[in-house]
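For reference, the chains in residue letters:
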Amino acid sequence: MAYLGDTGQGALFTMAALSLQSRVKSIQLPEFAQEKIDATSLLTNGFMEYISGDVVDPGEITLELIFDPQDDFDALTRMGGCGEALEIEFPKSPCRTGATTAATLAGTGFVINMAMPNLAINELMIITLTIAFDGETGPTYVAEQ
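Here is a short report on the structure shown in this document. Computed from a predicted structure; not experimentally measured.

**Overview of the overall build of the protein**
In step 1: Check the secondary structure of the protein and you find 1 helix and 9 strands.
In step 2: Helices and strands appear in the protein in the N-to-C order β-β-β-β-β-α-β-β-β-β.
In step 3: Counting across all 145 residues of the protein, residues that qualify as buried make up 26%.
In step 4: For the protein, restricting intrachain contacts to residue pairs at least 6 apart in sequence, the fraction spanning at least 24 positions comes to 67%.
In step 5: As displayed, the protein has an accessible area near 9800 Å², and 52% of this comes from carbon and sulfur atoms.

Right, here's the structure in full:
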């Protein structure tokens with residue numbers, strides 16, 4: 001059977017300073033962006049001209065977590081700019097036989113935003129956590145093998 005895609009069910013997120021594996025509801029992966037530099041001159045006709053920037057913005061990861069009132073959120077928000085090792089392990093494809101290791105996205109990063117949960121009737125309390133890759137290590141993607 002041809003590979004037709006998969007869901008994120010079974011993905012794991014780990015970060016040295018956090019213990020969140022069992023409580024992650026969703027992971028929004030980063031968007032890698034490279035700046036474009038305006039190279040338009042007075043001699044340009046028609047369209048503006050651009051060259052690519054020198055480096056790529058490593059992006060951010062956004063996690064939705066099930067709230068646990070025993071978490072130390074003060075420690076989490078004081079992680080500062082020190083890069084912590086983090087890794088996302090993708091679920092192995094159930095349609096591909098012979099795969100021995102899952103794909104991973106790994107690097108170092110730090111927490112830049114934490115949104116506390118909404119408190120409401122019949123609604124699961126969810127924390128939104130945004131982690132920026134610091135570019136020191138990775139992010140590096142390794143394909144499923």
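**Structural notes on the environment of Asp-68**
In step 1: As for its placement among the helices and strands, Asp-68 is situated in the loop between β5 (60-66) and α1 (73-77).
In step 2: Along the sequence, Asp-68 and Ile-126 sit 58 residues apart, while their C-alpha atoms lie 9.1 Å from each other.

**What to know about the pairing of strand β7 (residues 104-115)**
In step 1: Of the strand pairs in this sheet, strand β6 (residues 84-89) and β7 are connected by 6 bridges, and their pairing is antiparallel. Directly across from Ile-88, in β7, lies its bridge partner Leu-105.
In step 2: Two elements, β7 and strand β9 (residues 140-142), share 3 bridges in a ladder whose sense is antiparallel. The partner of Leu-105 across the bridge, within β9, is Tyr-141.
In step 3: Across 6 bridges, the pairing between β7 and strand β8 (residues 126-133) is antiparallel. When the bridges of β8 are listed, Met-114 appears paired with Leu-129.

**Overview of the environment of Thr-140**
In step 1: Assignment of secondary structure puts Thr-140 in strand β9.
In step 2: Take Thr-140: its relative accessible area is 44%, and that puts it in the partly exposed class.
In step 3: Taking the C-alpha atoms as reference, Thr-140 lies 5.5 Å from Leu-105; in sequence the two are 35 residues apart.

**Points about the packing of aromatic side chains**
In step 1: A complete count under the given rule lists 1 aromatic pair for this structure.
In step 2: Relative to Tyr-141, the ring of Phe-90 lies with its centre 5.8 Å away and its plane at 80 degrees, an arrangement referred to as edge-to-face. With Phe-90 in the loop between β6 and β7 and Tyr-141 in strand β9, this residue pair connects regions lying 51 residues apart in the sequence.
In step 3: Accessibility expressed as a relative area gives 23% for Phe-90, which makes it partly exposed.
In step 4: Lys-36 extends its terminal NZ or CZ atom over the ring of Tyr-50, reaching a point 4.2 Å from the ring centre.

How each quantity is defined
Residues numbered from 1 in each chain as written. Predicted model: local features only at pLDDT ≥ 70, side-chain atom pairs only at ≥ 80, totals over all residues. Heavy atoms only, no water. Helix = DSSP H or I, 4+ residues; strand = E, 2+ residues; numbered from the N terminus. Buried < 20%, exposed > 50% of the residue type's maximum accessible area, 1.4 Å probe, protein only. Contact = heavy atoms within 4.5 Å. Areas by Shrake-Rupley, 256 points an atom, 1.4 Å probe, with all protein chains shown as cover. Pairing = 2+ DSSP bridges. Phe/Tyr/Trp six-rings, centres within 6.5 Å; stacked < 30°, edge-to-face > 60°. Lys NZ or Arg CZ within 6 Å of the ring centre and 35° of its normal.

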